[in-house]
Amino acid sequence: MSFIFSLILGFIVVACIMVAMAGIKRILKLLSAEYGELQWRPQRNPVAVLVQTILSQNTSDKNSRPAFQHLLASFPSWKEVANVSVEEICQAIRTGGLGKIKAGYIKGALQEIQRRQGKFDLTFLKDLPVDQARDWLMQLPGVGMKTASVVLLFSLGMPALPVDTHVFRVSKRLGLIDSKTTVTKAHHILESLVPAANVYQFHILLIEHGRRTCKAQRPRCIECVLGSLCPSYEKFVGQPWAG
Ligand code: SF4
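Residues numbered from 1 in each chain as written. Predicted model: local features only at pLDDT ≥ 70, side-chain atom pairs only at ≥ 80, totals over all residues. Heavy atoms only, no water.

S.K.: So what exactly am I meant to see when it comes to the domain arrangement of the protein chain here?
M.R.: The parts lose accessible area when they come together, and the size of an interface is often stated as this lost area. When cut into domains, the protein chain gives domain 1 (2–39 + 163–237) and domain 2 (46–156). At the junction of the two partners, domain 1 supplies ten residues and domain 2 supplies eight residues. In total, about 720 Å² of surface goes out of reach between domain 1 and domain 2, with carbon and sulfur atoms giving 70% of it. The largest per-residue losses of area from domain 1 upon contact with domain 2 belong to His187, Glu191 and Tyr200, which jointly make up 48% of the total buried on that side. Put simply, arginine 134 and glutamate 191 hold a salt bridge, and the shortest N to O gap is 2.6 Å. Taken together, domain 1 and domain 2 are joined by one residue pair in polar contact (both at pLDDT 80 or more). Elements with a contribution of two residues or more to the side of domain 1 that touches domain 2: α10 (183–193) and α11 (199–212). (Domains from an automatic or database assignment. Contact = heavy atoms within 4.5 Å. Buried area = accessible area lost by both parts, 1.4 Å probe. Salt bridge = Lys/Arg side-chain N within 4 Å of Asp/Glu carboxyl O. Polar contact = N/O pair within 3.5 Å; in protein donor to acceptor, adjacent residues only side chain to side chain. Helix = DSSP H or I, 4+ residues; strand = E, 2+ residues; numbered from the N terminus.)

Okay, structure coming up:
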């Protein structure tokens, strides 16, 4: 009896996942038509992306980019950054905000990479499964789930899905994750639903959609290309989608 129950439950779970995956394909098709097709292109090396992402935590790109450029211009190598004082790093990144905390994270992370790998190189992560590679990064100071996923996705093209505020909000409104899901859980759930080949596209398109249309305060549901399949449309507009 319990075997049959487990079997039925298994079928239901698989069926739900397949429905959600089909929904994601449709979402990506509609968003690509709206914002354009996106292909992953390799960015900087993983250590640079790691440092850049630590600098971008809790601040805008407008603040963190100049801080990163100034850091690169201030020291000739990552080895140098790992060996100077936190105060010197703090001085180099001061335009980025939270300088002292981030300087400590950057120095600590670089020292740990050197201690564990003997060099400032993270390309070996590409040969690990995503969860293992992310766990390795998350043992570094200042590196959480999102930062680790950014490094794996943007520098190494691995299917790790960073869930930022836009991805989190839009995914909830679209019913891909429920309202009680935590950000950490959302990483795992969305990664299980989004095909590996579409993770980069999903991440970028949901951010774009969150910035332009599905805004935090006043989502522009009437103009939204996802209106017909969004379970939140009626809540925001006051009536069901009518085309
Ligand atoms: S219909 Fe509204 S809530 Fe749903 S995705 Fe579009 S903007 Fe967001």
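Picking up where we left off.
S.K.: When you look at the packing of aromatic side chains in this model, what are you seeing that I'm missing?
M.R.: Between two aromatic rings, the relevant description is the distance of the centres plus the angle of the planes. Within the structure shown, the criterion is met by two aromatic pairs. Taking 5.2 Å as the distance between ring centres and 75 degrees as the angle between the ring planes, the aromatic pair formed by phenylalanine 124 and tryptophan 136 counts as edge-to-face. With a gap of twelve residues between them, phenylalanine 124 in the loop between α6 (99–117) and α7 (130–138) and tryptophan 136 in helix α7 connect regions that are remote in the sequence. The interplanar angle of 65 degrees and the centroid separation of 5.7 Å between the aromatic rings of phenylalanine 154 and tyrosine 200 together place this pair among those described as edge-to-face. Within this pair, whereas phenylalanine 154 is found in helix α8 (residues 145–156), its partner tyrosine 200 is found in helix α11, the two being separated by 46 residues in sequence. Overall, the relative accessible area of 12% leaves phenylalanine 154 in the buried class. Assessed through its relative accessible area of 16%, tyrosine 200 is described here as buried. Cation over ring: arginine 116 sits above tryptophan 136, and NZ or CZ is 3.9 Å from the ring centre. (Phe/Tyr/Trp six-rings, centres within 6.5 Å; stacked < 30°, edge-to-face > 60°. Buried < 20%, exposed > 50% of the residue type's maximum accessible area, 1.4 Å probe, protein only. Lys NZ or Arg CZ within 6 Å of the ring centre and 35° of its normal.)

S.K.: How do you make sense of the nonpolar core when you look at a structure like this?
M.R.: Here is a general trend for soluble globular proteins: nonpolar side chains tend to be buried in one another's company. Within the largest apolar cluster, 67 residues are counted, with the highest numbers of intra-cluster contacts made by Leu50, Leu71, Trp78, Leu137 and Phe202. Built from parts of two domains, this core gets at least three residues from each of domain 1 (2–39 + 163–237) and domain 2 (46–156). Not counting residues up to four positions away in its chain, the partners in contact with phenylalanine 202 are Ile24, Leu28, Leu161, Val167, Ser171, Leu176, Leu190 and Val194. (Core = buried A, V, L, I, M, F, W, Y, C linked by side-chain atoms within 4.5 Å.)

S.K.: Quick question: what am I supposed to make of a nonpolar patch on the surface here?
M.R.: There is a patch of nonpolar side chains on the surface, built from Leu98, Ile101 and Tyr105 and spanning about 260 Å² of accessible area. Since its relative accessible area comes to 44%, leucine 98 is described here as partly exposed. (Patch = residues over 30% accessible without salt bridge, like charges linked within 9 Å, V, L, I, M, F, W, Y side chains within 5 Å. Areas by Shrake-Rupley, 256 points an atom, 1.4 Å probe, with all protein chains shown as cover.)

S.K.: Sorry if this is basic, but what is going on with the side chain of asparagine 198 here?
M.R.: Checked against the element boundaries, asparagine 198 lands in the loop between α10 and α11. Judged by relative accessible area, which is 16%, asparagine 198 ranks as buried. Excluding its chain neighbours within four sequence positions, the residues that come into contact with asparagine 198 are Lys25 and Leu28.

S.K.: What exactly am I supposed to notice about the packing of helix α2 (residues 46–56) against helix α3 (residues 61–74) here?
M.R.: Angle between the axes and distance between the axes are the two parameters that describe a pair of packed helices. Packing of α2 against α3 brings their axes to within 9 Å, and their N-to-C directions diverge by 135 degrees. One finds that α2 runs oblique with respect to α3. Judged by the sense of rotation from one axis to the other, the crossing of α2 with α3 is right-handed. For the pair α2 and α3, contact is made by Ala48, Val51, Gln52, Leu55 and Ser56 and by Ser64, Ala67, Phe68 and Leu71, respectively. Taken together, the residues that form the contact of α2 with α3 break down as six nonpolar, three polar and no charged. (Axes fitted to C-alpha atoms, helices over the stretch in contact; angles between N-to-C directions. Parallel < 35°, antiparallel > 145°, perpendicular 65-115°, else oblique. Left-handed = near helix turned anticlockwise from the far one by under 90°. Nonpolar A, V, L, I, M, F, W, Y, C, P; charged D, E, K, R; others polar.)

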